[in-house]
Amino acid sequence: MLQEFKDFINKGNIVELAVAVVMATAFAPVITSFVDGILMQFVAMIFGEPDFSALTITIADTPYFYGSVITAIINFVFIAAAVFFVLKAYNAAQADEEETVEEESGPSEIDLLIDIRDSLAKSN
């Protein structure tokens, strides 16, 4: 059982997941700061308030803070958009690197085998 646990921990997926969690934890304040400090200011320019938490409706002497829900939805949409654009830029950079590596790597194994076959056919 101990060996199985050791094998489970040493699998690449667990390590990659742990790294992803740590990176996401470190990246979350950056995105939150960007949304709160920049994007929500555009909401403030349009609606006069960057936060709708003060919006309430009272039913039977009980206040319902629907403004908090609106603020949370707007924050979610902005955070999702920010992460989307960061990942889009990252994927574009990765695609450029892959194209460069493919161009510099030379002919593939299949190309080399075809060349060898053609050379042998010519010599016979």
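Just above, that's the structure.
**Q** Break down unusual backbone geometry for me, citing the residues and quoting the values.
**A** In this model, Ala60 sits at a positive phi of 55°, which is unusual for a non-glycine residue. As for its placement among the helices and strands, Ala60 is situated in the loop between β1 (57–59) and β2 (62–64). The phi angle at Asp61 is positive, at roughly 60°, despite the residue not being glycine. One can find Asp61 in the loop between β1 and β2.

**Q** Describe the nonpolar core, listing the residues and the values that go with them.
**A** Within the largest apolar cluster, seven residues are counted, these being Ile31, Val35, Leu39, Met40, Val43, Phe52 and Ala82. In terms of residue count, the dominant contributor to this core is helix α2 (residues 12–47) (five residues). Once residues lying within four places of it in the same chain are set aside, the contact partners of Val35 are Met40, Asn75, Phe78 and Ile79.

**Q** How would you summarise a nonpolar patch on the surface if you had to cite specific residues and measurements?
**A** Together, Phe27, Val30, Val83, Val86, Leu87 and Tyr90 line one region of the surface with nonpolar side chains, adding up to about 500 Å² of accessible area. Listing elements by their share of the nonpolar patch, those giving two or more residues are α2 and α3 (66–104). In terms of residue count, the dominant contributor to the nonpolar patch is α3 (four residues). Along the chain, the position of Val83 falls in helix α3.

Criteria and thresholds
- Residues numbered from 1 in each chain as written.
- Predicted model: local features only at pLDDT ≥ 70, side-chain atom pairs only at ≥ 80, totals over all residues.
- Heavy atoms only, no water.
- Helix = DSSP H or I, 4+ residues; strand = E, 2+ residues; numbered from the N terminus.
- Core = buried A, V, L, I, M, F, W, Y, C linked by side-chain atoms within 4.5 Å.
- Buried < 20%, exposed > 50% of the residue type's maximum accessible area, 1.4 Å probe, protein only.
- Contact = heavy atoms within 4.5 Å.
- Patch = residues over 30% accessible without salt bridge, like charges linked within 9 Å, V, L, I, M, F, W, Y side chains within 5 Å.
- Areas by Shrake-Rupley, 256 points an atom, 1.4 Å probe, with all protein chains shown as cover.
- Salt bridge = Lys/Arg side-chain N within 4 Å of Asp/Glu carboxyl O.

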